[in-house]
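The primary structure of each chain is shown beneath.
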Amino acid sequence: MADDVIELRGATKRFRSTSGGIHTAVHDLTMTVAANEFVAVVGPTGCGKSTTLSLVSGLEPPSEGEVLVAGSPVRGIPDGVGYMFQNDAVLPWRSVLDNVAAGPRYRGESRAAARAKARTWVERVGLAGFEGYYPHQLSGGMRKRVALAQTLVNEPSILLMDEPFSALDVQTRALMQDELLRLWSGTGAAVVFVTHDLEEAIALADRVIVMTASPATIKGSFPVPLSRPRDVEELRLSTEFLEIYREIWESLREEVEKARKGNASRAA
Amino acid sequence: MPSVWNSGLSGELSPATAKAALGKPDRQALTSAATAHRRRRIRVWAIRVALVVAWLGSWEAAATYWIDPFYYSKPSAVWSKLVDWFTVGTSQGSIWEQISVTMQEAVGGFVLGAVAGVVLGILLGRSRLLSDICAPFIKAANAIPRIVLASLFVIWFGLEMSSKIATAFVLVFFAVFFNAFQGAREVDRNLVNNARILGASQAQVLWTIVVPSATSWILASLHSAFGFALIGAVVGEFTGADKGLGLLINHAQGTFDAAGIYAGMIVITVIALLAEWLLTALEGRLLKWRPPAAGAEAQI
Ligand SMILES: Nc1ncnc2c1ncn2[C@@H]1O[C@H](COP(=O)(O)OP(=O)(O)OP(=O)(O)O)[C@@H](O)[C@H]1O
Ligand SMILES: [Mg+2]
């Protein structure tokens, strides 16, 4: 398809394990994500979700197969990619404002212009008044907002998010989900959102991809035909939502159990 | 395809309540915390002064009644020596001139050594190839008893200041180098990756991620490094010089003047403490982003 901005063709990634052997993190991944599409990726822990994102971001080259972004093979970090890491990566020695201004500064904007941009994004993620704070003075939820603003200030056309809200409490998480949808709507960006929370995946995404237990490959891709704009909290109670949930959970449960057994046998 | 992340926003934000004005109970808590803090400080200082008085008093008494002050000197003799130096002058001329010479040597060696140590440390810390090549040489250089080089430098550079600066330089360089190296090695990969995704070039990663990460390591080494610079300068002057505090102490040793040795020690100690204070102030400025150490702030 013409507007597939992300395309994985039989991508495999192997790592050297500490014992000296070879560990296959993801195996024969084939998937596409279109522009303006919000895709959620779920799978058992340790299956290779973060690895998939690092392939798309160009931080790790695939061991086999092809990764294409905007139609061309990934070499180095492709233009227009934003990536929110699983562990937040705000710079502890910079204030909130300067953390958010980092992207535009790296891309050659003047300090004043970068700061002006950063200021509007700090406000958009709800941190007005905290511009001068250092990360250690913020709560975990506020740090996630800084990371979000830091990523969005570059106006990515591809947004990769790795369990961005998993460390937050339930209320803050719902708030952040709503805010993310509000900020994303109308941008045309393709989003790949990794989560272990199936409810979150369905509430946010147009499509949910289920990955198998390690080594990960794609087990199924489930469309989520819920209309937008969505109110995340109300959505959870609707019957449509519960039906979709049941269908995907059926598929995911097998993998989670497989992963659990695998871990138990490895530990034994 | 360009995306437009700034359109379609409702613009409605969750209000952030930054520091509100302090209420009355808060102000009371602040004042009582301040008083408690002040009382504690007074007590700590009173005990410190008492300890110094007891120590000097017993030394003075011992030297007056039991032990031989010719070998051990005594506080009053050291004090009059210091007064003598600062009012009349030393055997080598004005005391200020000696201090100035030693300071120039120490500061010169410190600055050159620190700059070289930081630059090389970060360079090797970031380049696997370079550090693999240089590792055995650096280990060997570090194993040399470097203080002995002072004699060599006197032969090379003569009795002038440059030989002392060279001695201070080698001592400072290694102290700073290893910390800068370690600091550059231990940079969080996550931060580097994040910067690269945000658009940073190699040079920008170095300046905005590696250098700030290594700064706390480097600053920690600078404290001991200035001490090394002073040692380098003084030992250099011992080895051969025509001016400086080291020469003064050496001269006092030659004339069995124990009070002179103590007095020289005191002058050097005061210089070291002043430098330490300056470095701590610098560190406070550069690392103001760090959370305060536990217990460093008065608890409310
Ligand atoms: N740099 C690496 N070197 C060696 N092994 C790695 C590396 N990165 C990931 N792995 C391995 O690859 C597997 C998949 O890791 P990954 O981080 O992609 O999992 P995940 O699905 O994101 O898990 P989680 O849900 O817990 O975040 C793991 O077994 C991990 O040990
Ligand atoms: Mg992960």
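By the naming in an unreviewed UniProt entry, chain B is ABC transporter permease, taken from Gandjariella thermophila. Under the Subcellular location (unreviewed entry) heading, UniProt states for chain B: "Cell membrane".

In the nomenclature of an unreviewed UniProt entry, chain A corresponds to Mannosyltransferase from the organism Gandjariella thermophila.

(A) Main features of the overall build of chain B. For chain B, the count of helices and strands is 11 helices and 0 strands. Counted from the first residue to the last, chain B has its helices and strands arranged as α-α-α-α-α-α-α-α-α-α-α. What you see for chain B is a C-alpha radius of gyration of 27 Å, clearly larger than the 19 Å of a compact globule of 300 residues, by over 25%. Taken over the C-alpha atoms alone, chain B extends approximately 90 × 60 × 30 Å along its principal axes. The burial tally for chain B puts 36% of its 300 residues in the buried class. Within chain B, residue pairs in contact and separated by at least 24 positions form 76% of the contacts whose partners lie at least 6 positions apart. Roughly 17,700 Å² of accessible area belongs to chain B as shown, and the carbon and sulfur atoms make up 67% of that amount.

(B) Structural detail: the coordination of the magnesium ion (ligand 2). Residues and elements named next belong to chain A. Protein coordination at the magnesium ion (ligand 2) comes from S50 (OG) and Q86 (OE1), with a distance range of 1.9 to 2.3 Å. Taken together, the positions of S50 in helix 1 (residues 49-57) and Q86 in the loop between strand 6 (81-84) and helix 2 (96-106) put the pair 36 residues apart, joining distant regions of the chain. For S50, a relative accessible area of 28% gives the class partly exposed.

(C) How the structure looks around helix 11 (residues 258-286) of chain B. With 29 residues, helix 11 of chain B should cover 42 Å at 1.5 Å per step; its first-to-last C-alpha distance of 42 Å lies within 8% of that length. Of the surrounding secondary structure, the elements contacted by the buried residues of helix 11 of chain B are helix 2 (69-72), helix 3 (75-87), helix 4 (95-126), helix 9 (202-239) and helix 10 (245-254) of chain B.

(D) Summary view of the environment of Y72 of chain B. Residues and elements named next belong to chain B. Topologically, Y72 is positioned in helix 2. Residue classification places Y72 among the partly exposed residues on the basis of a relative accessible area of 45%. Along the chain, Y72 and A258 lie 186 residues apart, while their C-alpha atoms are 6.5 Å from each other. Setting aside residues no more than four positions away along its own chain, Y72 makes contact with W59, I67 and Y262.

Rules of the game
- Residues numbered from 1 in each chain as written.
- Chains lettered and ligands numbered in written order.
- Predicted model: local features only at pLDDT ≥ 70, side-chain atom pairs only at ≥ 80, totals over all residues.
- Heavy atoms only, no water.
- UniProt positions renumbered as here; feature names shortened; annotations may be inferred.
- Helix = DSSP H or I, 4+ residues; strand = E, 2+ residues; numbered from the N terminus.
- Rg over C-alpha atoms; globule rule 2.2 N^0.38 Å.
- Buried < 20%, exposed > 50% of the residue type's maximum accessible area, 1.4 Å probe, protein only.
- Contact = heavy atoms within 4.5 Å.
- Areas by Shrake-Rupley, 256 points an atom, 1.4 Å probe, with all protein chains shown as cover.
- Donors = N, O, S within 2.8 Å, 3.2 Å for Na, K, Ca; no water.
- Expected span 1.5 Å × (residues − 1).

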